[in-house]
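Next come the chains, spelled out residue by residue.
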Amino acid sequence: MKNILLGLLICLGQISFGQESFLTDHFPFPIGASLNPRLLAENESYEYRAKTEFNSVTAENHMKMMMVHPEANRFDFNKGDEIVKFAQATQKRIHGHTLVWHNQVPKWMTEFSGDAQAWENMLKNHIQEVAKHFKGQVTGWDVVNEAFLDDGTLRPSIWSKNIPDYIAKSFQWAHEADPNAILFYNDYGQDGKPKKMQAILNLVKELQARQIPIHGLGLQMHINIHSKNEELASVIHQSQATGLAIHFSELDIAVNPKNDSTFVYTESAQEAQKNKYEFIFQSYQSIPKKQQYGITFWNVGDKDSWLRGYFKRPKEYPLLFDESYRRKPLYSSLLNLSKNEK
Ligand code: G3I
């Protein structure tokens, strides 16, 4: 009898042990990842994690100006549509990124010449064609990305140079094209940069006073294990106090921010990273639920991270999944945090 009971317990234990638990099952807000269509097509492990671990998707690159509007009279939505198709087939929300940025701008736009009206027409046409194309598919858009410098001044760009009031106009144009989309201003590195933070808050106030639709703030959260919790908390608190939707829109936590070539991803680095991830998730949990648009990781596995590719930092391990797309130990710590949720 004793042996039968023991056997039964072991068996039950195995059953529950074998069932995977997902962050998306336990947090009440969307958990997303930015995705790359090439990796989805070529790498089964990547595709499996993308499919099973997230319920929100951002195109890492393929809705940006350079990708969707390669020539003045030609839009190319193929790759963006692939991401939309994947997200729809797997019942995920789609977040649009990004309508206006100073980076990844096609050559024809940087070489564009014309008076202020011609520039306006060009940008308006871009925003509205893209927003209309993805209308009903994306829930929200990062309308303007990274418009301020650390000192709070407007970043010099072709947009600020040629289109007076381009930020407000961009929000207005996006809203006209897709009135149901949740419209975000998205930026990075506000922690420890009070002037940049203040410029963003001023922008929100100004747009609201002018009744220009802005509904959310994207805090990119490209941070590292040395980022200061007090500074991050202050940014989160000030952003949340606007009452707008808050999206941690590009989360990754670097462990080797100085790109030390001899760096080893030791247990203590992993522990520091786990603590920082816990802090970020706990802070997000403290945001009023109606403002929680979600947390999006900037890609899936460590080897897909822009920090390795774009930034060429081979010894960087900023994400939830390791080289073989296994969950890192920090994954279960985040699952534990979710216990008071849902
Ligand atoms: O499309 C070309 C391809 O034709 C070529 O073969 C290949 C060779 O390297 O490059 C491809 O372009 C790359 C592009 O990503 C698409 O994969 C660029 O080199 C590469 O520089 C570009 O990097 C992206 C970066 O934005 C550009 O600034 C990163 O993947 C992407 O993660 C990153 O994302 C940004 C967010 O949009 C805004 N916030 C910051 C974040 C990190 O920089």
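Parameters and conventions
Residues numbered from 1 in each chain as written. Predicted model: local features only at pLDDT ≥ 70, side-chain atom pairs only at ≥ 80, totals over all residues. Heavy atoms only, no water. Salt bridge = Lys/Arg side-chain N within 4 Å of Asp/Glu carboxyl O. Helix = DSSP H or I, 4+ residues; strand = E, 2+ residues; numbered from the N terminus. Buried < 20%, exposed > 50% of the residue type's maximum accessible area, 1.4 Å probe, protein only. Contact = heavy atoms within 4.5 Å. Near = heavy atom within 4 Å. Polar contact = N/O pair within 3.5 Å; in protein donor to acceptor, adjacent residues only side chain to side chain. Nonpolar A, V, L, I, M, F, W, Y, C, P; charged D, E, K, R; others polar. Expected span 1.5 Å × (residues − 1). Arc of directions from axis to C-beta. Axes fitted to C-alpha atoms, helices over the stretch in contact; angles between N-to-C directions. Parallel < 35°, antiparallel > 145°, perpendicular 65-115°, else oblique. Core = buried A, V, L, I, M, F, W, Y, C linked by side-chain atoms within 4.5 Å. Phe/Tyr/Trp six-rings, centres within 6.5 Å; stacked < 30°, edge-to-face > 60°. Lys NZ or Arg CZ within 6 Å of the ring centre and 35° of its normal. Pairing = 2+ DSSP bridges.

Q: I would appreciate a short explanation of the pattern of salt bridges in the present structure.
A: Any two side chains of opposite charge can pair, given that their charged atoms come close. Using the criterion set out here, one finds 20 salt bridges in the structure. Here Glu42 makes a salt bridge to Arg38, at a shortest N to O gap of 3.2 Å. Taken together, the positions of Glu42 and Arg38, both in helix H3 (residues 37-42) and four residues apart, correspond to about one turn of that helix. Between Asp150 and Lys196 there is a salt bridge, with its nearest N and O atoms 3.5 Å apart. In this pair, Asp150 is assigned in the loop between strand S4 (140-145) and helix H9 (158-162) and Lys196 in helix H11 (residues 194-209), connecting sequence segments 46 residues apart. Judged by relative accessible area, which is 0%, Lys196 ranks as buried. What emerges from the salt-bridge pattern is a single network uniting Glu20, Arg49, Glu53 and Arg327.

Q: Looking at this structure, I do not really get the environment of Ile280. What am I missing?
A: Checked against the element boundaries, Ile280 lands in helix H13 (residues 267-285). Each C-alpha atom, one on Ile280 and one on Ile236, is 9.5 Å from the other, the two residues being 44 residues apart in sequence. Beyond its immediate chain neighbours, meaning those up to four positions away, Ile280 contacts Met221, Ile223, Leu232, Phe248, Leu251 and Ile253.

Q: Is there a simple way to explain the site of the ligand in this structure?
A: Taken together, 16 residues form the shell around the ligand, and within it Glu60, Lys64, His97, Glu146 and Glu250 come nearest. At 3.0 Å from an oxygen atom of the ligand is found a side-chain nitrogen or oxygen belonging to Asn61. His97 has a polar side-chain atom sitting 2.7 Å from an oxygen atom of the ligand. Tallied by class, residues from the shell around the ligand come to five nonpolar, seven polar and four charged.

Q: Looking at this structure, how should I read helix H6 (residues 78-89)?
A: The α-helix winds at 3.6 residues per turn, so residues separated by three or four positions along the chain end up facing the same way. Its twelve residues place the ends of H6 16 Å apart at the C-alpha level, agreeing with the 16 Å of an ideal helix rising 1.5 Å per residue. Those residues of H6 that sit buried are Gly80, Ile83, Val84, Phe86 and Ala87. Taken down its axis, H6 places every buried residue within 160° of arc, on the same side. Exposed side chains of H6 directed beyond 90 degrees from the buried face belong to Asn78, Lys85 and Ala89. For H6, the elements touching its buried residues are strand S1 (31-35), H3, helix H4 (44-53), strand S2 (56-59) and strand S3 (93-100). Phi for Gln91, located one or two positions after H6, is positive at around 55°.

Q: For this particular structure, what's the right way to read the environment of Asn229?
A: Secondary-structure assignment places Asn229 in helix H12 (residues 229-240). When the C-alpha atoms of Asn229 and Ser332 are compared, they prove to be 21 Å apart, with 103 residues separating the residues in sequence. Beyond its immediate stretch of four places on either side in the chain, Asn229 contacts Lys276 and Phe279.

Q: How should the packing of H11 against H12 be read in this particular structure?
A: Two packed helices can be described by the angle between their axes and the distance between those axes. With their axes 11 Å apart at the nearest point, H11 and H12 run at an angle of 10° to one another. Classed by the angle they form, the pair H11 and H12 counts as roughly parallel. Where H11 approaches H12, its residues Met197, Gln198 and Leu201 are matched on the opposing element by Val235, Gln238 and Ser239. Looking at the contact of H11 with H12, its residues break down into three nonpolar, three polar and no charged.

Q: Would you mind going over the nonpolar core with me for this structure?
A: Buried together is how nonpolar side chains tend to be arranged in soluble globular proteins. Of all hydrophobic cores here, the largest spans 101 residues; its most connected members are Trp141, Trp159, Phe171, Tyr185, Phe248 and Phe281. Leaving out residues up to four positions away in the same chain, Trp159 has contacts with Met65, Val100, Trp101, His102, Val105, Met109, Trp119, Met122, Leu123 and Tyr166.

Q: Would you mind showing me how to read the side chain of Asp322 here?
A: Mapping Asp322 onto the fold places it in the loop between strand S9 (292-297) and helix H14 (329-337). Assessed through its relative accessible area of 17%, Asp322 is described here as buried. From its side chain, Asp322 meets the backbone nitrogen of Arg326 in a polar contact 2.8 Å long. Those residues in contact with Asp322 that lie beyond four places of it in its chain are Asp302 and Lys328.

Q: I would appreciate a short explanation of the packing of aromatic side chains in the present structure.
A: Two aromatic rings, taken as a pair, are described by how far apart their centres are and by the angle between their planes. The final tally for this structure, using the stated rule, is 22 aromatic pairs. Between Phe134 and Trp141, the ring centres sit 6.1 Å apart and the planes meet at 65°, which makes this aromatic pair edge-to-face. By relative accessible area, Trp141 is classed as buried at 0%. By the ring-pair criterion, three or more aromatic residues cluster together here, those being Phe27, Phe29, Phe54, Phe248, Tyr277, Phe281, Tyr284, Phe297, Phe321 and Tyr331. Between the NZ or CZ atom of Arg327 and the centre of the ring of Phe22, over which it lies, the distance is 5.1 Å. Against the face of Tyr331 rests Arg327, its NZ or CZ located 3.9 Å from the ring centre.

Q: How do you make sense of the pairing of S4 when you look at a structure like this?
A: On any regular strand, side chains alternate: one points to one face of the sheet, the next to the other face. Judged by how many residues are buried, S4 sits mostly within the fold: six of six residues are covered. In the sheet, S3 pairs with S4 via four bridges, with the strands oriented parallel. Of the residues in S4, the one forming a bridge with Gly96 is Trp141. Relative to strand S5 (residues 182-187), S4 runs parallel, the two being bridged by five bridges.

On their own, these measurements won't tell you what the molecule is for.
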